[in-house]
Amino acid sequence: MSTPAAPRLADNLPFRRIALVLSGGGALGAYEVGVLRVLEAAKLVPAVILGVSIGAINAIAWVAAGHDVTALERVWRTARNETLGVQWVSLALRVTGSLTALIASIELVLTALGSREFSGAYWVWNRGNATDDLLSTQLDLALWIVLGLIGVLLVVFARRVARDLEGRATGPDPSRIRRQLRNALIAAASVHALVWLMGWPWPHRFSASVVLLLSLAWAGSAPAGVGHWLRGLALGLMPETGGRGLWSGRARRRLLEKLVAAGDASRLIGSGTRLTVTALSIGSGKLIHFVSWPDPDPVFVARLEDEQGEVVPVKDVAELIQAAVASSAIPGVFQPEPVAGRDCVDPGGFSNQPLHVAIAEGADAVIAVLLSPSEGPSAAPAPEGVVALGGRLLELMNWRDLQTELRQLPEGWSRQGKPARVCVVEPPAALPASLLVFDPEIAGALIAAGERDARTALERAGWLARP
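Residues numbered from 1 in each chain as written. Predicted model: local features only at pLDDT ≥ 70, side-chain atom pairs only at ≥ 80, totals over all residues. Heavy atoms only, no water.

## Describing the packing of helix α2 (residues 54–64) against helix α11 (residues 250–262)
At their nearest, the axes of α2 and α11 sit 8 Å apart, and the two run at 20 degrees to each other. Taken together, the axes of α2 and α11 are roughly parallel relative to one another. Relative to α11, the crossing made by α2 is right-handed. Counted together, I57, I60, A61 and A64 of α2 and R252, L256, L259 and V260 of α11 form the full contact between these two elements. Each residue belonging to the contact of α2 with α11 can be placed in one class, and the counts come to 7 nonpolar, no polar and 1 charged. (Axes fitted to C-alpha atoms, helices over the stretch in contact; angles between N-to-C directions. Helix = DSSP H or I, 4+ residues; strand = E, 2+ residues; numbered from the N terminus. Parallel < 35°, antiparallel > 145°, perpendicular 65-115°, else oblique. Left-handed = near helix turned anticlockwise from the far one by under 90°. Contact = heavy atoms within 4.5 Å. Nonpolar A, V, L, I, M, F, W, Y, C, P; charged D, E, K, R; others polar.)

Right, dumping it as structure tokens:
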């Protein structure tokens, strides 16, 4: 089977300031590598590149390498989940270790405070009674069984209880709850101390559990001080991020720094291809467009500010890399990342393919690379699992954002015509991959699909010379 000839741009292509928009999509970003291979082969060097999420990482790596896709493709063909910081094994080990340490600590306290063998009667009067010990153990077992049945009833009737609580005109008073917890703690601790000191038959471990839980609840209800510390400790059980996500952006940052170091970092700032990385500020709610050139055009800045955006020139390569890490921080999965004094996350669902930014920057044509079909997501059964559901919702939000972008194109901007001013590279059907599953074999298939679809799209738009 013969190898297809290298693509060549049409001689009469009228566009002189072409923008490339690389959208986000997690592990689907390998598809963009195939598109970049075609652009490289056709010697098409965009004047402006806009990257969102994984598209921002691909864009920076490609420009730093002098529009050579070799190093980036090598990473995608070897990358696994841990490479991009999606560390499921680490998560399982950290959560398991944290819970094990917590349960062991609780059991240690309960053994010391909730056993007759360590009670005051044994220490002070050296008095023991096997019958009393057996009765205490039986009472413990009985109460734990009752508590377990109460838990089952709570699960069964949870919705009914929730509806009853929602029907109340006012919510509970936090200060009143704190006083009630304090009074209950004093009563429970007094009773437990008395029977523990005297060594009477009593469900000692159950009683000690109640005292411990009431103590934690009362301390945790404090608006500051110990309460704040306990709430922070609970969030701190989340790995790496202090409760703001499952993982940090450390792995993505190191990977991008390595790719940039392998190329020429000076290509990223100032002259040459202009880079824009878009992220969402969780403080202001604005879309932050980090640009790689100083002194952006005031008209460009004003136009994006009118659209609840903000243009921020990066001061160096490190800040541009940090902007890409923030742009790829999927909320809930990765922690927000600070960039130029702003905490930012992935803007997917709000602006995943910012065509309007390319037009505002003065582009006279756009290549938009999509990671899902523009005609709309295919009908599919309800996703199973939180990750699959999150990926599906993100796909739907990105599609809706794209429809808004296409409907708001200026007059004369269209996917129609020969050549078309807007060239959309997209898969004909949903890509056979998951948002958070990085696998070399899947990446290889995605790269091949991106290369095939890029040739088809450029030919359809009239951008390539006929063979």
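That shown, we press on.
## Notes on the pattern of salt bridges
Scanning all chains against the criterion turns up 12 salt bridges. The residue R37 makes a salt bridge to E73 at a minimum N-O spacing of 3.4 Å. Highlighted residues: R37 in helix α1 (residues 30–41) and E73 in helix α3 (residues 70–76), separated in sequence by 36 residues. R37 serves as the salt-bridge partner of E451, at 3.5 Å between the closest nitrogen and oxygen. One end of the pair, E451, is in helix α16 (residues 440–460); the other, R37, is in helix α1, with 414 residues separating them in the sequence. Residue classification places R37 among the partly exposed residues on the basis of a relative accessible area of 29%. Members of the salt-bridge network, linked through shared partners, are R37, E73, R77 and E451. (Salt bridge = Lys/Arg side-chain N within 4 Å of Asp/Glu carboxyl O. Buried < 20%, exposed > 50% of the residue type's maximum accessible area, 1.4 Å probe, protein only.)

## Some points on the packing of aromatic side chains
Tallying each qualifying case throughout the model produces 4 aromatic pairs. Consider the rings of F15 and W463, whose centres lie 5.4 Å apart with planes at 45 degrees: the pair is tilted. Of this pair, F15 sits in the segment before β1 (18–22) while W463 sits in the segment after α16; the two residues are 448 residues apart in sequence, bridging distant segments of the chain. Using a relative accessible area of 0% as the deciding quantity, one classes W463 as buried. Their ring planes at 40 degrees and their centres at 6.2 Å tell us that W293 and F300 sit as a pair that is tilted. Under the relative-accessibility criterion, F300 is labelled buried at 2%. It is R421 that lies over the ring of W413; its NZ or CZ is 5.2 Å from the centre. (Phe/Tyr/Trp six-rings, centres within 6.5 Å; stacked < 30°, edge-to-face > 60°. Lys NZ or Arg CZ within 6 Å of the ring centre and 35° of its normal.)

## Let's talk about the nonpolar core
Core analysis: the largest hydrophobic core is formed by 80 residues, its most contacted members being I367 and W463. With 9 residues, the single largest contributor to this core is α2. In contact with I367, not counting residues within four places along its chain, are I18, A19, L20, V21, L39, L44, C423, V425, L458 and W463. Residues A19, V21, V301 and A363 belong to the second largest nonpolar core, which totals 24 residues. (Core = buried A, V, L, I, M, F, W, Y, C linked by side-chain atoms within 4.5 Å.)

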